[in-house]
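For reference, the chains in residue letters:
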Amino acid sequence: MAENNPNEIAELHDVFDVSEAPPNEVEAVELEQVDQQWQSEAGLIAAPPAAEVTLPLEGARSLSVGEPSKPLLGRLPLARVVPQDVHSVMDYVDAGGVLTGAFLTNCPKAKAASWAMGTSGIAASSITDYKLSLAKVLSIETHEAIDYAWGFSAVAAPFVFGYRKSAPHVAALHIALGLGTIVASLFTDYRAYRGVGRRAAA
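Student: What exactly am I supposed to notice about helix H5 (residues 140-160) here?
Tutor: With 21 residues, H5 extends 29 Å from end C-alpha to end C-alpha; this agrees with the ideal 30 Å at 1.5 Å per step. The sharpest bend along H5 measures roughly 30° and falls at Ala154, with the proline Pro158 sitting one to four residues further on. For H5, the set of buried residues is Ile140, Glu141, His143, Glu144, Asp147, Tyr148, Trp150, Gly151, Ala154, Val155, Ala157 and Pro158. Just downstream of H5, Gly162 is the residue with a positive phi angle, here 75°.

In structure tokens form, the structure reads like this:
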């Protein structure tokens, strides 16, 4: 059997034995990642933090902007679930809905009540200290109290002014929107947008 000469042995060693060859930069990074993944799965090291997800609306303003309102009567709202901006839109929709009652009937009392409650609701919302208003005059706490008063007024008006029977469809509209306002107010995240009314109290 022929013996391999020293040159052939050296060539074979170079081909098959790469343990002493230092890994290049890419291989070193890949080896480190595999090692870390194995250790993480084995519970030896903590898993790397997940990459932060960038939302399409990142940087957009929250639907509840500003400082939370002081509790009304020490306990209201019951829970802060409905965002401030959503409630703001509801204010205009509810007041506008009550106002439409003036165009749905010939009953003078129903017309008058619709005009009075509709315009007052829109006016109060347009000067409240929240984002969707024209001027920041009413504090958010005052607006919250007005919401309850307005809601109860809308429910009571058909009975107080006597158009529950003469304009039943308008009465039903007013009662439904009044109850909706009261319920929404109990769960709204009321927030002061600019802090109107807080500086004087401070």
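Student: Please clarify how the side chain of Asp147 should be interpreted in this entry.
Tutor: Looking at the secondary structure, you find Asp147 in helix H5. Arg80 provides the closest opposite charge to the buried, salt-bridge-free Asp147, at an N-O distance of 11 Å. Sequence-distant contacts of Asp147, that is, excluding residues within four places in its chain, are made with His87, Asp91, Thr181, Ser185 and Tyr190.

Rules and cut-offs
Residues numbered from 1 in each chain as written. Predicted model: local features only at pLDDT ≥ 70, side-chain atom pairs only at ≥ 80, totals over all residues. Heavy atoms only, no water. Helix = DSSP H or I, 4+ residues; strand = E, 2+ residues; numbered from the N terminus. Expected span 1.5 Å × (residues − 1). Bend = angle between axes of the 7 residues up to and from the residue. Buried < 20%, exposed > 50% of the residue type's maximum accessible area, 1.4 Å probe, protein only. Lys, Arg positive; Asp, Glu negative; His and termini not counted. Salt bridge = Lys/Arg side-chain N within 4 Å of Asp/Glu carboxyl O. Contact = heavy atoms within 4.5 Å.

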